[in-house]
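# Architecture and fold: a report
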Amino acid sequence: MGRFEGKVAVVTGAGAGIGKACALAIAREGGRVAVADIDASAATACTAQIAAEAGHALTLAMDIADAQAVAALFETAERHFGGVDLLVNNASAMHLTPRDRAILDLDLAVWDETMATNLRGTLLCCRQAIPRMIARGGGAIVNMSSCQGLSGDTALTSYAASKAAMNMLSASLATQYGHAQIRCNAVAPGLIMTERLLAKLDECMQRHLRRHQLLAHVGRPEDVAALVAFLLSDDAAFITGQVVCIDGGMLTHVPTYADGGNSRAARPASDTADAASAPGR
Ligand SMILES: NC(=O)c1ccc[n+]([C@@H]2O[C@H](COP(=O)([O-])OP(=O)(O)OC[C@H]3O[C@@H](n4cnc5c(N)ncnc54)[C@H](O)[C@@H]3O)[C@@H](O)[C@H]2O)c1
């Protein structure tokens with residue numbers, strides 16, 4: 001018996017990357033999945049992969065920023081599968097620089113679009129899911145946040161603000177609907193090597209980001225999907241309102257000291273002993 005036998009899940013942005021890995025993970029454990037994505041052919045390919053593995057899935061091409069399309073997604077999922085128990089709000093807009101820049105330089109249209117997709121789109125999906133989950137006696141929601149929502153950056157202002165707001169939206173939902181047996185948690189990935197991110201980040205940036213992880217290996221969509229599946233399942237029955245980082249330790253340490261440690265390691269032992277006793281360490 002898989003953990004999601006008899007359950008129906010809606011996964012947004014399920015055509016690629018982390019969302020696709022989540023949809024596959026849920027289907028492999030018996031869940032029936034509404035595969036929603038703005039890219040119809042990507043969603044269809046994910047649905048076909050689930051079907052090829054003897055799972056159950058339904059393709060829905062839609063934009064989470066469009067309230068009517070979101071309503072249609074949930075109506076179709078309910079009609080087709082009989083209800084909704086699980087939701088993964090994974091789809092999001094991210095404009096890597098130069099469009100989403102520092103506060104004085106960013107394009108306001110990008111701010112509006114990012115908020116409309118990431119924050120409002122997530123809210124729209126939650127508003128459709130909650131009554132359906134209440135009708136089924138409860139449910140579980142995971143909102144795909146980001147480490148960017150937990151720390152400052154020199155750019156990506158809109159993206160980071162939208163992800164931080166998604167963390168609070170998750171806490172509000174958990175607070176307001178916990179009594180109805182609905183759990184809601186946010187997952188905050190660090191660097192996860194999806195095909196699209198690989199195409200966007202140059203080698204120099206990838207090296208830089210990896211240098212600030214504590215673990216040597218690169219994060220994979222499957223790593224995030226395993227965490228999402230845990231949070232959606234009854235194994236996490238007493239966990240709600242949390243933001244769970246999955247970042248190889250990127251946010252765990254103070255990079256200033258880690259960089260200092262690297263330079264100390266390259267110095268003679270006598271220098272290293274002096275540096276280790278430096279004030280403030
Ligand atoms: N990859 C990372 O390193 C990383 C790090 C932190 C957070 N995240 C978050 O994880 C989530 C997935 O990221 P990914 O790297 O797998 O992305 P991706 O680009 O590989 O896949 C995203 C999918 O979402 C779909 N999508 C985009 N906008 C949509 C919309 N408006 N409506 C419906 N579908 C839409 C795309 O077509 C695509 O199939 C995002 O919320 C992202 O912010 C990713």
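In this text, all values refer to a predicted model and were calculated from it rather than measured experimentally.

Parameters at a glance
- Residues numbered from 1 in each chain as written.
- Predicted model: local features only at pLDDT ≥ 70, side-chain atom pairs only at ≥ 80, totals over all residues.
- Heavy atoms only, no water.
- Patch = residues over 30% accessible without salt bridge, like charges linked within 9 Å, V, L, I, M, F, W, Y side chains within 5 Å.
- Areas by Shrake-Rupley, 256 points an atom, 1.4 Å probe, with all protein chains shown as cover.
- Salt bridge = Lys/Arg side-chain N within 4 Å of Asp/Glu carboxyl O.
- Helix = DSSP H or I, 4+ residues; strand = E, 2+ residues; numbered from the N terminus.
- Buried < 20%, exposed > 50% of the residue type's maximum accessible area, 1.4 Å probe, protein only.
- Axes fitted to C-alpha atoms, helices over the stretch in contact; angles between N-to-C directions.
- Parallel < 35°, antiparallel > 145°, perpendicular 65-115°, else oblique.
- Left-handed = near helix turned anticlockwise from the far one by under 90°.
- Contact = heavy atoms within 4.5 Å.
- Nonpolar A, V, L, I, M, F, W, Y, C, P; charged D, E, K, R; others polar.
- Expected span 1.5 Å × (residues − 1).
- Bend = angle between axes of the 7 residues up to and from the residue.
- Polar contact = N/O pair within 3.5 Å; in protein donor to acceptor, adjacent residues only side chain to side chain.
- Near = heavy atom within 4 Å.

## Remarks on a nonpolar patch on the surface
Together, Leu150, Val243 and Leu251 make up an exposed nonpolar region whose accessible area comes to about 210 Å². If you trace the backbone, valine 243 turns up in strand S7 (residues 243-246). Since its relative accessible area comes to 33%, valine 243 is described here as partly exposed.

## Here's the deal with unusual backbone geometry
The backbone of alanine 54 sits at a positive phi, close to 70°, despite the residue not being glycine. With a phi close to 55°, leucine 156 is a non-glycine residue in the positive phi region. If you trace the backbone, leucine 156 turns up in the loop between strand S5 (139-144) and helix H5 (157-177).

## A closer look at the packing of helix H1 (residues 17-28) against helix H2 (residues 40-52)
Contact geometry of H1 with H2 gives a least axis separation of 10 Å together with a crossing angle of 25°. As the angle between them shows, H1 and H2 are arranged roughly parallel. Like other packed secondary-structure pairs, H1 and H2 cross with a definite hand, here right-handed. Residue-level contacts link Lys20, Ala23, Leu24, Ala27 and Arg28 of H1 to Cys46, Gln49 and Ile50 of H2. Partitioning the contact of H1 with H2 into residue classes produces 5 nonpolar, 1 polar and 2 charged.

## Notes on helix H4 (residues 108-135)
Counted at 1.5 Å a residue, the expected span for H4 with its 28 residues is 40 Å, and the 40 Å between its end C-alpha atoms agrees. At arginine 120, H4 is bent by approximately 35°, the largest bend along its length. A distance of 3.0 Å separates the backbone nitrogen of alanine 109 from a side-chain oxygen at the start of H4, and that oxygen is part of aspartate 107. At the C-terminal side of H4, glycine 137 shows a positive phi close to 90°.

## Considerations on the pattern of salt bridges
Evaluated as defined, the whole model comprises 10 salt bridges. Taking the shortest distance from any N to any O, the salt bridge between arginine 3 and glutamate 29 comes out at 2.8 Å. Of this pair, arginine 3 sits in the segment before strand S1 (8-12) while glutamate 29 sits in the loop between H1 and strand S2 (32-37), and the two are 26 residues apart along the sequence. Aspartate 107 is the salt-bridge partner of arginine 99, the closest N and O atoms lying 3.7 Å from each other. Overall, arginine 99 belongs to the partly exposed group, its relative accessible area being 38%. For aspartate 107, a relative accessible area of 32% puts it in the partly exposed group. Overlapping salt bridges bring together Arg3, Glu29 and Asp235 as one network.

## Some thoughts on the site of the ligand
The environment of the ligand is made up of 27 residues, and the closest members are Ile18, Asp37, Asn90, Tyr159 and Ile192. Between the ligand and the protein, one listed contact pairs an oxygen atom with a side-chain N or O atom of aspartate 37 at 2.6 Å. Within the contact set of the ligand, an oxygen atom lies 2.7 Å away from a backbone nitrogen or oxygen of asparagine 90. Across the complex, the protein chains shield 89% of the 830 Å² of accessible surface that the ligand would expose by itself. Elements with a minimum of two residues in the shell around the ligand: H1, H5 and helix H6 (195-200). Class assignment of the residues belonging to the shell around the ligand gives a composition of 12 nonpolar, 10 polar and 5 charged.

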